[in-house]
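# Structural features, examined
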Amino acid sequence: MKRIITIATICAFLGYILLAIYPYVPVYFQKSYTGRVIRKVKKTLAYGPLFDRENALISKSASYRFYQNGKWQQSQLLLEPLFSDYTATGNFAALKHCRLDTRLVVRINHINKHRGIIKMLKSKEYGEFTDHLFYRHNRNIKPDSLEVFYYIKDYESNNMIMSLNFKCKP
Amino acid sequence: MNKSLYKFIITIERYIESQVIPDKNIIWFRCSAYLLLLIKMLFIWPELSMFYRHAVQINLGSLMPHRLLFLPIFHEYYNIYWLIASAIVIWALLCRNNILLSIAVFIISNNYILLADKASNGGDALHNFLIFMLIFVQENNVKFSLRQIINNAAIIIIKVHFCLLYIVNAYGKVIHLFWRDGSYFKNLWHLMYYANPNLIPHWFFNPILNVVTAWAVILFEFIFPVLIWFKPYKKTLIFTGLVFHLGISLFLSLPDFGLAMAIVYILFFDFKYRYISNSTYE
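### Quick word on the overall build of chain A
- Each helix and strand in chain A was counted, giving 7 helices and 5 strands.
- Along chain A, helices (α) and strands (β) appear in the sequence α-α-α-β-β-β-α-α-α-α-β-β when read from the amino end.
- Compactness check: chain A gives a C-alpha radius of gyration of 21 Å against a globular reference of 15 Å for 170 residues, more than 25% above the reference.
- Structurally, chain A occupies a C-alpha span of about 75 × 40 × 35 Å along its principal axes.
- Within chain A, the proportion of its 170 residues that are buried is 25%.

As structure tokens, this is what we get:
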């Protein structure tokens, strides 16, 4: 039994080495079934370079407004109030909520960028985003129309540039 | 079996057997890991309905223990489930050597991960991994017993995981120009909804300091996994690492990540231990 545990431990070490070299293996291997399994294991173990993506350094901002009761309402910032709540009061739930909203809006922006607005509006990610937005940011009321603005920061000019803007009837 | 391979396995086996891991390390490590889970669970409770509503859309409930929470039967009672889950974590905090409780806490930790899926980060995954490994870790082991071998192997795996994570991170950073020239920190301190503007002092924006900080982080991540195994460097490295992760927690609004990493340092700390008989130690 002791021998089995030792061999399992050695296998774990070998597994770590395999995971460590994974980011540097050819792309076709990463896209293969084995590659995808390894990526999933890496994510589950939180094993891999952190804070190394330049994309993660892009500041993002999102706002939205609803058309309901016969008029467009004032535009609301999506992330700012949540993050401010966390920095002012240490409300961890607000920080988690801010992360969730960021992830949801980043995903629809990503789909829009790569597959176009029509496919984005039909995607399940868009459904998740609007469902969450109406439930948590509009007291579970479905508005007549919705407009979303998503900005990313350009570090050279230091300005926020609009990356996504759409109006739709949900 | 190949002779040299056999010799290698025997060497590793003897190394695992010979490790003395004081109970204090294990107890503090277990308590910290479970306490952090409890804190996270209690803190997200105000938004539990939102997270649950979102999670049931993307996670199918099943009879698998970690997916039980998402079964339709719990759709009305998730608050009670969370209350019971919190009580189990508190119970596990107070109990010792209860493998069933360790498994239950691991299931609860998975519930948390699934619930806060899109709001989770690497810290949650690492924390979940630590809680999984705690299933195999127990106190009051008899020397050279099978129980102790399993215990030692689990703790060595956590330590090696942690050290390799640093090496992988150091290499992942040093190959990027934006880390080497310090521009990573220049942009990081301005990152909206991430860098905490209330806590970051103005002098953090100094370009020279950005380069120094970037290289200090890279060097620390290269040095820690090598020198932490040698006693004279332990205290300094543990202190530096704790400051480093506390900094991440506060300045980068990643309290869950910073604390999960800090917990692992407990395993590297040399608690004093004494043999209480020929066969056990505490």
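More follows now that the structure is in view.
### What about the domain arrangement of chain A?
- Each assigned domain of chain A is listed with its residue range as follows: domain 1 (2-45) and domain 2 (54-168).
- With centres defined by C-alpha atoms, the gap from domain 1 of chain A to domain 2 of chain A works out at 36 Å.

### Considerations on the pairing of strand β5 (residues 159-168) of chain A
Residue and element names in this part refer to chain A.
- Pairing between strand β4 (residues 145-154) and β5: 9 bridges, direction antiparallel. When the sheet's bridge partners are listed, Asp 154 is paired in β5 with Asn 159.
- What sits between the antiparallel neighbours β4 and β5 is a turn of 4 residues, in which Asn 158 has the positive phi angle 65°.

### Details of the packing of helix α2 (residues 23-43) of chain B against helix α6 (residues 122-133) of chain B
All names here are of chain B.
- The N-to-C vectors of α2 and α6 enclose an angle of 130°; their axes lie 10 Å apart at closest approach. One element, α2, and the other, α6, form an angle in the oblique class. Of the two elements, α2 crosses α6, and the hand of that crossing is left-handed. On the side of α2, the interface is formed by Ala 33, Leu 36 and Leu 37, while α6 contributes His 127, Leu 130 and Ile 131.
- Of the residues belonging to the contact of α2 with α6, the class tally is 5 nonpolar, 1 polar and no charged.

The rules behind these values
- Each chain has its residues counted from 1, running along the sequence as written.
- The naming scheme follows written order: chains are lettered A onward, ligands numbered 1 onward.
- Since the coordinates come from a predicted model, pLDDT governs what is reported: local features require at least 70, and pairs of side-chain atoms require 80 or more to be given and counted, while whole-chain, interface and lining totals use all residues.
- Starting at the N terminus, helices and strands are each numbered in turn, a helix being any DSSP run of H or I of at least four residues and a strand any DSSP run of E of at least two.
- Atoms counted for the radius of gyration: C-alpha only. Globule rule: 2.2 Å times residue count to the power 0.38.
- Partly exposed residues are those whose C-beta has more than 12 but fewer than 20 other C-beta atoms within 10 Å; 20 or more makes a residue buried and 12 or fewer makes it exposed, with C-beta atoms placed from the backbone.
- Just so you know, the domain bounds were taken from an automatic or database domain assignment.
- Here, any two strands with at least 2 DSSP bridges between them count as paired.
- To define axes, lines are fitted to C-alpha atoms, for helices over the stretch in contact only, and angles between the resulting N-to-C directions are given on a 0 to 180 degree scale.
- What sets the label is the angle itself: under 35 degrees gives roughly parallel, over 145 gives roughly antiparallel, 65 to 115 gives roughly perpendicular, and the rest give oblique.
- Crossing handedness follows the turn of the near helix against the far one: under a right angle anticlockwise gives a left-handed crossing, and clockwise gives a right-handed one.
- Throughout, a pair of residues is in contact if the C-beta atoms placed from their backbones lie within 7 Å.
- Nonpolar residues are Ala, Val, Leu, Ile, Met, Phe, Trp, Tyr, Cys and Pro. Charged residues are Asp, Glu, Lys and Arg, and all others, Gly as well, are polar.

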